[in-house]
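An overview of the molecular structure
Chain by chain, the residues run as shown.
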Amino acid sequence: MNLLITGTSGLLGGRIAEYADSRGDTVFSGYLTHQPTFGLPLKLDITSPQSVSEAFRRARPDVVFHTAAITGVDRCEWERDLALQVNVEGTRNVAEAARDAGAYLVFLSSDYVFDGSKGLYKEDDARNPVNFLGKTKVLAEDAVRSSGARHLVARTSFVFGSREARAEANFALWALRKLKAHAPFRVVSDQFITPTYDRNLVMMLFEAAERRLEGTLHLAGATRLSKYDFAFSIAKFFGLDWEVMIPSSRGEIGWIAERPTDSSLDTSRARALLENKPMEIGESLRRLREEIPG
Ligand SMILES: NC(=O)c1ccc[n+]([C@@H]2O[C@H](COP(=O)([O-])OP(=O)(O)OC[C@H]3O[C@@H](n4cnc5c(N)ncnc54)[C@H](OP(=O)(O)O)[C@@H]3O)[C@@H](O)[C@H]2O)c1
């Protein structure tokens, strides 16, 4: 299978490329500034229609995993033009190129399309983002749906794993570093999420892509918990002292962008459809511990 992955230098795109490489797929690894480790590196600026069509000409993909985005929640708030250009117009460029090439597109969207007033959101629940990142994802989902490309909108939530990523993007590694440093640190206790182990997400994404599933699917972890409880579970699994964690409200952290109170995703559709099921947090952390011994 010929694959084109955007955002391969990122947390998730890198994992997708690593797995695709190990399967023997032909992997074109799109990146903007940081050359990725897996697959055939392909410099690609998704905001440029020329750059996108050149990438499609070279890769001739059967399947496109579109993960590239401006993902910093606060960054999207203060760099709104850039967030619109990359997350919305960039996604439109990729979707239209996929349509023209007859490629199947998997677009990575986010739990932040929801306002967080309810939690355990189903695929068809009303979207109502509370921050600009979420707004760009709503517009990007709409651009994919109206592009005419054969597609899946895969919404995920709070991805973690052993792969280094942009500062704090990988909460598990961030929390582990803090816990090992044994100095007190704040963790938010009034925000609820469905943490998603990256390798589990990759397996679900590949199965969905191989079966060419279409529409919208929530591909996330199976356990809803607060960020504090997630960090607490990490401490327990790694045998670290959790008492250095200070439970804090979102207000005490001083973020710029609003965070939804409970953006956890209901993954029952994925559980019913897929052989690779959304993983419970205990199993995810057990596997993470095997990846990061000591
Ligand atoms: N991580 C999560 O917890 C989470 C949760 C929900 C949804 N998602 C979604 O999943 C996807 C992947 O997230 P992630 O955490 O893996 O992202 P990430 O680590 O922040 O990586 C973002 C990637 O986008 C690339 N990029 C930025 N601007 C670009 C442009 N103009 N043209 C081409 N590439 C560009 C970056 O390339 P360079 O580094 O080379 O500049 C980088 O590879 C995103 O769509 C995100 O919204 C993630």
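Residues numbered from 1 in each chain as written. Predicted model: local features only at pLDDT ≥ 70, side-chain atom pairs only at ≥ 80, totals over all residues. Heavy atoms only, no water.

1. Section: the sheet that holds strand 5 (residues 104-110)
Sheet strands pair by backbone hydrogen bonding; their relative direction is either parallel or antiparallel. The seven strands are arranged 3-2-1-4-5-6-11 in an open sheet whose pairing can be described as parallel. Two strands in the sheet have a free side with no partner beyond their single neighbour: strand 3 (40-43) and strand 11 (215-218). The mean angle between the axes of side-by-side strands here comes to 20°, regardless of whether they run parallel or antiparallel. Sheet analysis places strand 5 next to strand 6 (residues 150-156), joined by seven bridges and oriented parallel. Bridge assignment links Phe-107 to a residue of strand 6, and that residue is Val-153. Strands in contact with helix 5 (residues 132-147) are strand 5, strand 6 and strand 11; relative to strand 5, the strand with the most contacts, it is inclined by about 165°. (Pairing = 2+ DSSP bridges. Helix = DSSP H or I, 4+ residues; strand = E, 2+ residues; numbered from the N terminus. Axes fitted to C-alpha atoms, helices over the stretch in contact; angles between N-to-C directions. Contact = heavy atoms within 4.5 Å.)

2. Some points on the packing of aromatic side chains
Counted by the stated rule, this structure contains eleven aromatic pairs. With centroids separated by 5.9 Å and ring planes inclined at 40°, the aromatic side chains of Phe-160 and Tyr-197 adopt a geometry described as tilted. Here Tyr-197 lies in strand 10 (residues 196-197) and Phe-160 lies in strand 7 (residues 159-160), a separation of 37 residues in the sequence. Classification of Tyr-197 as buried rests on a relative accessible area of 3%. Their ring planes at 20° and their centres at 5.5 Å tell us that Phe-171 and Phe-230 sit as a pair that is stacked. (Phe/Tyr/Trp six-rings, centres within 6.5 Å; stacked < 30°, edge-to-face > 60°. Buried < 20%, exposed > 50% of the residue type's maximum accessible area, 1.4 Å probe, protein only.)

3. Here's the deal with helix 2 (residues 49-59)
Buried within helix 2 we find Ser-51, Val-52, Ala-55, Phe-56 and Ala-59. Along helix 2, the residues classed as buried sweep out an arc of 135° about the axis, all on the same side. The outward face of helix 2, more than 90 degrees from its buried face, is lined by the exposed residues Gln-50 and Arg-57. Of the surrounding elements, those touching the buried residues of helix 2 are strand 1 (2-6), strand 2 (26-31), strand 3, strand 4 (63-66) and helix 4 (80-101). Just downstream of helix 2 lies Arg-60, where phi reads positive at about 40°. (Arc of directions from axis to C-beta.)

4. Some points on the site of the ligand
What surrounds the ligand is a group of 26 residues, the closest being Ser-9, Thr-33, His-34, Thr-71 and Val-159. Residue Thr-71 places a side-chain N or O atom 2.6 Å away from an oxygen atom belonging to the ligand. Here an oxygen atom of the ligand sits 2.8 Å away from a polar atom, N or O, in the side chain of Lys-137. Taken together, the elements giving at least two residues each to the shell around the ligand come down to helix 1 (11-23) and strand 5. (Near = heavy atom within 4 Å. Polar contact = N/O pair within 3.5 Å; in protein donor to acceptor, adjacent residues only side chain to side chain.)

5. Considerations on helix 11 (residues 281-291)
Every α-helix carries 3.6 residues per turn, so stepping three or four residues along brings you back to the same face. Restricting attention to buried positions, one finds in helix 11 the residues Ile-281, Ser-284, Leu-285 and Leu-288. Buried residues of helix 11, viewed axially, fall in a sector of 90°; they line one side. Along its buried surface, helix 11 packs onto strand 7, helix 6 (171-181), strand 10 and helix 8 (227-237).

6. Re the packing of helix 8 against helix 11
Where helix 8 contacts helix 11, the axes come no closer than 10 Å and their chain directions differ by 50°. Here helix 11 runs oblique to helix 8, going by the angle between their axes. The handedness of the crossing between helix 8 and helix 11 is right-handed. Contacts from Phe-230, Ser-233, Ile-234 and Phe-237 of helix 8 reach helix 11 at Ile-281, Gly-282, Leu-285, Arg-286 and Arg-289. Class assignment for the residues of the contact of helix 8 with helix 11 results in five nonpolar, two polar and two charged. (Parallel < 35°, antiparallel > 145°, perpendicular 65-115°, else oblique. Left-handed = near helix turned anticlockwise from the far one by under 90°. Nonpolar A, V, L, I, M, F, W, Y, C, P; charged D, E, K, R; others polar.)

7. Some points on the domain arrangement of the protein
In terms of domains, the protein is made up of domain 1 (2-159 + 195-218) and domain 2 (164-193 + 224-264 + 281-291). One C-alpha centre belongs to domain 1, the other to domain 2, and the line joining them spans 25 Å. Tallying the contact residues gives 25 residues for domain 1 and 26 residues for domain 2. For the domain 1 and domain 2 pair, buried surface summed over both sides reaches about 2100 Å², with 60% attributable to carbon and sulfur atoms. Looking only at domain 1, the three residues that lose the most surface to domain 2 are Phe-158, Pro-195 and Tyr-197, adding up to 31% of its buried area. Between domain 1 and domain 2 we count three salt bridges in total. For the salt bridge of Arg-259 with Asp-74, the shortest nitrogen-to-oxygen distance reads 2.8 Å. Counting every contact that joins domain 1 to domain 2 gives 13 residue pairs in polar contact (both at pLDDT 80 or more). Put simply, the parts of the chain that give the side of domain 1 that touches domain 2 at least two residues each are helix 1 and helix 3 (73-78). Per element, the largest residue contribution to the side of domain 1 that touches domain 2 is four residues, and it comes from helix 3. (Domains from an automatic or database assignment. Buried area = accessible area lost by both parts, 1.4 Å probe. Salt bridge = Lys/Arg side-chain N within 4 Å of Asp/Glu carboxyl O.)

8. Let's talk about the nonpolar core
Membership of the largest hydrophobic core comes to 31 residues, with the highest contact counts inside it found for Leu-4, Ile-46, Phe-56, Val-64 and Leu-105. Mapped onto this core, the elements with two or more residues apiece are helix 2, helix 3, helix 4, strand 5 and helix 5. Tallying contributions element by element places helix 4 first for this core, with six residues. In this view, Ile-46 contacts Thr-6, Val-52, His-66, Ala-68, Val-86, Gly-90, Thr-91, Asn-93 and Val-94; residues no more than four positions away in its chain are not counted. (Core = buried A, V, L, I, M, F, W, Y, C linked by side-chain atoms within 4.5 Å.)

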